Every structure is written in C-alpha cells, then in structure tokens.
Amino acid sequence: MKIFKRIFAVLMAAVMLFSFASCKDNTDNGGTNPEETTSYVRENKTRIAVLEGIDVLGTAKIKVSRDYAYTVTSCKSAEEIMNMVTEGKADLAALPLDLAAKLYNTTNGGVKIIAVNTLGTLYILTGDTSVTSFADIKGKTVYATGKGGFCEYFINYILTQNGIDPEKDVTIEYKEQDELTALALDGTAKLCFIPEPYATKVITENKEMKRLVDLNGLWEKSAGTKPVQGVVIARTEYIEQNPEYIETFLFHNEVALNYLSSEDNQGINFLYENGYFSSFELAQATIPACNLVFMKGEDMKPGSKSVFDVFYGIDPVTLGGAIPDDGIFY
C-alpha cells in the first residue's frame, strides 16, 4: 500500500506542476492558446535587452509574467544595447529602427527585425503663448533629445518638409532625456521635442505645456506612411538555433502589447501597480500617446523602408552606411 501511495503522490505532483506551467503561460490571454502545447519553462532563458524609455513599457508584462522564459535588461544608452547584442549577451533587443539598421549593416546581417512594436512617439510641446502653429517655431530655441539618433533625424525631416531649415531657422539645444524632462517640467524649456512616455508626464505636471501639433501626422503627410520608430531584433544565429523560441516570443509580445491597450484598463493598472508610473491616471493618459503596435512579416516593411529612405538621405551614417536590404526582415 505504501508503494501505491507514493506512486499516487508522485503522479499528483506531476499533474500540479504541469497545471502550474500551463496556467502561467495563459495568464495574459484570458484563456488557452491552442497552438501552444509545449511548456516554455527554460533552463537557458531568452535574454532580452531594451533601451530605456518606451521599450521598457512594451516589455513590462513579459518581464513580470514570463520570467520563466525570459530575462529583460534595461540599457541606458544606444552604445550599451548595441554592445550587448554584438557581444552575444542579448538574444533579442527592443530598440529604435535606426539602431537596428546600423547593427544589421555593421554585423553583415547578424541581426533581423522580427517585429515592430512602436510607431512615432515624438511630440512637440509648447508653453510659449506666441507659438500657436508649427511655423511659429522659426527663430525660436527648441530643446530636444536624441542627438545623433532617431529623434534628431526625425526632427530634421519634419522641419525641412515644412519649410524650416534646422540649421538656420531654429536653434536646437540637445539635452539628455532626464535633463530635458526636468527643464520642461520647471518651465525652462518652453518649446521642446520630447518623446513618450515623458511628454505626457510634462503636460500633466506642468499645466502651461501642451502639444502643439501631431508630428506623426506631418510625417505621414510627407512620407506617405506612418513612421516606424521601435522594433524588436534577434540575432540571426539565435533565430537559426531556436526558431521555436522566436515564434513563442512573437506570440507573447503581441499578447503583452495588446494587454496594455485593453479596454478594461487591466494593462494600465498593471503598469501602475508594478511601479512603471506614479499614478494610475498618469499611466492612463500616457499609453494611448505611446503608439504601441504589433506588426510582423510583410506589415513591417512599408513604414520601416520609408524611415530608411528618409534617414539615409539625411545622413547614411545613422544606418551604418547603407539602406538595409530585405534580409533585415524576419
């Protein structure tokens, strides 16, 4: 009898373990995914590097709820996240599109874009009552962040397409993100280009600041496509060795991004409860302006290629010297 009891106990433990793993894999989707029939508890977790800012929000649910399969590391600079990828310390990375192109070119195809997670997140805010239209920024000092990267080239294109010479018609003062946010909050930077999630924080806490114009709309009007800003890349070697992990991540990533935009505000509350925002109200105001999306396959190409063409025309160096070929897309 003791032997039968032991066998029964072992069987029950196995059932409980299987049930626990299955429940963990379905928490975000409100039910089961019939295509996922494998436990993704891994001894060697997929390592994801994310650039601080909006990419942290896009991977928040994965970091908290999928820690059995992934480790997520936040990077403070473009150099840090690029080093993690090139040194093989990250398998996947969430970063701006221009950095993805640079990595692709400088590693001879060593990475691929597997998903688009963010459209344009840059906004122009003003607390200057004399500035009521985009044309009014001529002759002004405008503060910005992201010199040498996506934000600078996005700004230069928008200015040029609207008859404003970024070298002659405006004075652009570039600051680090934290400094720019502080200057906008205390009223020093009355006119600034600032990305989410910082833009909403500024207009929420400094009531004199407001959004001046829809920069994404201006981009789309000129370029003909919505601007792709943030993407997820994977090392090509990792894709070849672990194709099933890539497909699983794409599923988890889509669920996580949709969760943040859920109509019942569960995703908003999740971000607040896990310390990503100081209040539920701030999270609720910020997320819609972040333009979080999920695109894969052919859907990634039009907006991405448009950005490649524009940025290459401004400065080929930002893409690593060449417009990437279609091999960059997974």
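Definitions and limits used
Throughout this document, residue positions are counted from 1 along each chain, in the order its sequence is written. Per-residue local features are limited, in this predicted model, to residues with pLDDT of at least 70; the limit for side-chain atom pairs, both in listing and counting, is 80 or more; totals at the level of whole chains, interfaces and linings are taken over all residues. Here the side-chain values reflect all heavy atoms present in the structure, with hydrogen atoms and water set aside. Segments assigned H or I by DSSP are reported as helices when at least four residues long, segments assigned E as strands when at least two residues long, and all are numbered from the N terminus. Residues count as neighbours in contact if any of their non-hydrogen atoms are within 4.5 Å of one another. Working convention: axes come from line fits to C-alpha atoms, limited for helices to the stretch in contact. Angles between N-to-C directions cover 0 to 180 degrees. Should an angle fall under 35 degrees it is taken as roughly parallel, and over 145 as roughly antiparallel, whereas 65 to 115 is taken as roughly perpendicular and any remaining angle as oblique. In this scheme the crossing of two helices becomes right-handed for a clockwise turn of the near helix relative to the far one and left-handed for an anticlockwise turn of less than a right angle. We call Asp, Glu, Lys and Arg charged. Ala, Val, Leu, Ile, Met, Phe, Trp, Tyr, Cys and Pro are nonpolar, and the rest, Gly among them, are polar. By salt bridge we mean one thing: a side-chain nitrogen of Lys or Arg within 4 Å of a carboxyl oxygen of Asp or Glu. To sort residues, take the accessible area from a 1.4 Å probe on protein chains only and compare it with the maximum for the residue type: under 20% means buried, over 50% means exposed, and anything in between is partly exposed. Only protein atoms enter the 1 Å grid used here, on which a cavity is any set of points holding a 1.4 Å probe that cannot leave and a pocket is any open set flanked by protein within 12 Å on both sides along at least five of seven lines; residues with an atom within 4 Å of a point are listed as lining. Grid points are joined across faces, edges and corners, and a volume is the space filled by probe spheres set on the points. It is the directions from the helix axis to the C-beta atoms whose arc is reported. To define a nonpolar core, start from buried Ala, Val, Leu, Ile, Met, Phe, Trp, Tyr and Cys residues and group those joined through side-chain atoms within 4.5 Å. pLDDT: the predictor's confidence for each residue, scored from 0 to 100. We call Phe, Tyr and Trp rings a pair once their centres come within 6.5 Å, taking the six-membered ring for Trp, and we label the pair stacked below 30 degrees between planes, edge-to-face above 60, and tilted otherwise. Working rule: Lys NZ or Arg CZ, within 6 Å of ring centre, within 35 degrees of ring normal, means a charge sits over the ring.

A.B. asks: Account for the overall build of the protein chain, naming residues and giving values.
C.D. replies: Looking only at helices and strands, the protein chain has 14 helices and 11 strands in total. Residue pairs in contact within the protein chain that sit at least 24 positions apart in sequence constitute 74% of those at least 6 positions apart.

A.B. asks: Any chance you could break down the packing of helix α4 (residues 78-86) against helix α5 (residues 97-106) for me, citing the residues and the numbers?
C.D. replies: Contact geometry of α4 with α5 gives a least axis separation of 11 Å together with a crossing angle of 40°. Classified by the angle their axes make, α4 and α5 are oblique. Remark: the crossing between α4 and α5 carries right-handed chirality. Here Ala78, Ile81, Met82, Val85 and Thr86 of α4 come into contact with α5, specifically with Leu99, Lys102 and Leu103. Counted by class, the contact of α4 with α5 contains 6 nonpolar, 1 polar and 1 charged residues.

A.B. asks: Could you give an account of the pattern of salt bridges, with specific residues and numbers?
C.D. replies: The full count for this structure, using the stated rule, is 15 salt bridges. For Lys201, the salt bridge is made with Glu205, and the minimal N-O distance between the two is 2.9 Å. With Lys201 and Glu205 both in helix α8 (residues 198-205), this residue pair falls 4 residues apart, about one helical turn. Judged by its relative accessible area of 28%, Lys201 falls in the partly exposed class.

A.B. asks: I'd like to hear about the layout of surface pockets, residue by residue, with values.
C.D. replies: Of the volumes computed, that of the largest pocket is approximately 950 Å³. Where the lining of the largest pocket is concerned, the elements lending two or more residues are α2 (54-58), α4, α5, α6 (150-161), α7 (177-185) and β10 (228-235). Broken down by element, the residue count for the lining of the largest pocket peaks at 3 residues, all from α5. Considering only residue class, the lining of the largest pocket consists of 11 nonpolar, 11 polar and 10 charged. Taken as a whole, the second largest pocket spans an internal volume of roughly 210 Å³. Here the lining of the second largest pocket is composed, by residue class, of 7 nonpolar, 3 polar and 1 charged.

A.B. asks: Please provide a residue-by-residue account of α4, values included.
C.D. replies: When we look at burial in α4, the residues that qualify are Ile81, Met82, Met84 and Val85. Looking straight down α4, one finds its buried side chains confined to an arc of 155°; they lie on one side. Looking at the packing, one finds that the buried side of α4 touches β1 (46-51), β2 (70-75), β3 (92-96), α5, β4 (111-119) and β10. One or two steps after α4, the chain reaches Gly88, where phi turns positive at roughly 75°.

A.B. asks: Give a description of the nonpolar core that names residues and reports values.
C.D. replies: Grouped together as the largest cluster of nonpolar side chains are 57 residues, with contacts concentrated most on Ile113, Phe134, Ile137, Phe193 and Ile233. With 8 residues, the top contributor of residues to this core is α6. When residues no more than four places from it in sequence are discounted, the contact partners of Ile113 are Leu97, Ala100, Val231, Val232, Ile233, Met300, Phe308, Ile328, Phe329 and Tyr330. In terms of nonpolar packing, the next biggest core, distinct from the first, is built from 36 residues, Ile48, Ile62, Ile114 and Ala283 among them.

A.B. asks: Can you explain the confidence of the model for the protein chain? Please cite residues and give values.
C.D. replies: Segments scoring low in pLDDT should not have their predicted coordinates read at a detailed level. Confidence in the prediction of the protein chain, expressed as mean pLDDT, is 87, and 88% of residues score 70 or more. Here residues 1-38 is modelled with pLDDT under 50, and outside its nearest four sequence neighbours on either side it reaches 28 contacts, counting other chains as well.

A.B. asks: Could you give me a rundown of the side chain of Thr181, with the residues and numbers involved?
C.D. replies: Counting through the fold element by element, Thr181 comes out in helix α7. On the basis of relative accessibility, which here comes to 7%, the residue Thr181 falls in the buried class. Beyond its immediate sequence surroundings of up to four residues, Thr181 is in contact with Ile194, Tyr198, Lys201 and Val202.

A.B. asks: Tell me about the packing of aromatic side chains, residues and numbers included.
C.D. replies: Using the criterion set out here, one finds 8 aromatic pairs in the structure. With a centroid separation of 5.1 Å and an interplanar angle of 10°, the aromatic rings of Phe154 and Trp219 are classed as stacked. Here the residue Phe154 occupies a position in helix α6, and Trp219 occupies one in helix α9 (residues 215-223), the gap between them amounting to 65 residues. The exposure class of Phe154 is buried, given its relative accessible area of 1%. One Lys or Arg, Lys61, reaches over the ring of Phe270 and ends 4.4 Å from the middle of that ring. Arg211 extends its terminal NZ or CZ atom over the ring of Tyr123, reaching a point 4.3 Å from the ring centre.

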